[in-house]
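Remarks on the overall topology
What follows is each chain in one-letter form.
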Amino acid sequence: DKYLGINYGRLGSNLPSVDQAVSLIAHSTTIRKVKIFDADPSVLRALANTSIEVTITFPDDLIYRTGRRALNAYRWIRSNVLPFVRSGTRVASICVGNEVLINVAASGKRVPSQLVPALYNLQSALQRYDLHGIQLSTPHALNVLNPSFPPSRGTFRKDLLPYLRPLLQFLNATGAPFMVNPYPYFAYRADPRGSPLDYAAFKLRRGAGVRDNRTGLLYTNLLDAQVDTVYAAMDAIGFPNVRVVVTETGWPSGPESETGASPANAAAYNGGVVRHVRSMSGTPLRPKVPLEAYIFALFDENTKTGPESEHHYGIYRADMSVSYSIGV
């Protein structure tokens, strides 16, 4: 599964040990890409000398000072990346923050202005320590886009363009992807009529779908439409060569009291993502660019905030039993 990954979140009071979790991925699944929401040394040590590559996360609250001072980037890479790579951990990429551009309340209003300077300083640090294979980017929520239909009309929000243009210049220059966290489940939950379940959860019969009346392209699932809206937005401001990576996507298996949350729908959606990624068929706008996607999540996490469904995104339960099968 070259293009398929899993998010390993650890917001649970009853989760298996890190060693158990890594062993589960390595020996019981075909997944060989893991994304974590920090740079926890215990996880990085457990992943050493395995066939699994890891994407780590640079914390939101260090972005501002790292953009202001390159020394902070050097210190962080020297402490959180270099020793683990030397010990055999395959660090593939670093997410600098998570949904920083719209997470202003959590990150502080000064943070977006220092996001791209932080990326450049971290890039310099990677080069200084000969860590040339590691890519730097930052994941976005879909609301960096204006609401639009069809996908080919996709555009970025005007208020975010001062941050997105220089970010895309950085990604274009370094060959790194634009990272995005699309959740068709949220679109379905918010508007079941506008985003029908079969379309959102990869359940349409062959040949059915929604046509983009500008391009004539047929969309058989909502995930492709969301990803192509991002591609169209990048095209619109002159960045046609940056690829999209889906750093998070998933569907809750419960509780059944919440719209669409069920094991059957979660299995349909996540299984659809797996088949789509394995097909290497890309999206309608980018048919030659295989879709890379990280499913959310490895385990159910019982201490996450928000609605009860936030506790039920795992393809495994906390006791390591399978929540539902998705063919991995």
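These figures come from a predicted structure and were not determined experimentally.

Below, the discussion takes up the environment of Thr138. Relative to the assigned elements, Thr138 resides in the loop between strand E5 (135-137) and strand E6 (139-141). For the pair Thr138 and Ser262, spaced 124 residues apart in sequence, the C-alpha to C-alpha distance is 30 Å. For Thr138, the residues in contact, after removing those within four places along its chain, are Val96, Gly97, Leu115, Leu167 and Met179. A polar side-chain atom of Thr138 sits 2.7 Å from the main-chain carbonyl oxygen of Val96.

To continue, consider the packing of helix H7 (residues 111-128) against helix H8 (residues 161-174). Two elements in contact, H7 and H8, have axes whose closest approach is 9 Å; the angle formed by their N-to-C orientations is 15°. When the axis of H7 is compared with that of H8, the two are roughly parallel. Crossing of H7 over H8 shows left-handed handedness. Of H8, the residues touching H7 (which contributes Pro112, Ser113, Val116, Leu119, Tyr120 and Gln123) are Tyr163, Pro166, Leu167, Phe170 and Thr174.

Here we take up the environment of Phe37. Tracing the backbone through its elements, the reader meets Phe37 in the loop between strand E2 (33-35) and helix H2 (41-46). With relative accessibility at 31%, the residue Phe37 sits in the partly exposed group. For the pair formed by Phe37 and Arg10, sequence separation is 27 residues and the distance between their alpha carbons is 8.6 Å. Excluding its chain neighbours within four sequence positions, the residues that come into contact with Phe37 are Asn7, Tyr8, Gly9, Thr57, Glu248 and Phe296.

Conventions used here
Residues numbered from 1 in each chain as written. Predicted model: local features only at pLDDT ≥ 70, side-chain atom pairs only at ≥ 80, totals over all residues. Heavy atoms only, no water. Helix = DSSP H or I, 4+ residues; strand = E, 2+ residues; numbered from the N terminus. Contact = heavy atoms within 4.5 Å. Polar contact = N/O pair within 3.5 Å; in protein donor to acceptor, adjacent residues only side chain to side chain. Axes fitted to C-alpha atoms, helices over the stretch in contact; angles between N-to-C directions. Parallel < 35°, antiparallel > 145°, perpendicular 65-115°, else oblique. Left-handed = near helix turned anticlockwise from the far one by under 90°. Buried < 20%, exposed > 50% of the residue type's maximum accessible area, 1.4 Å probe, protein only.

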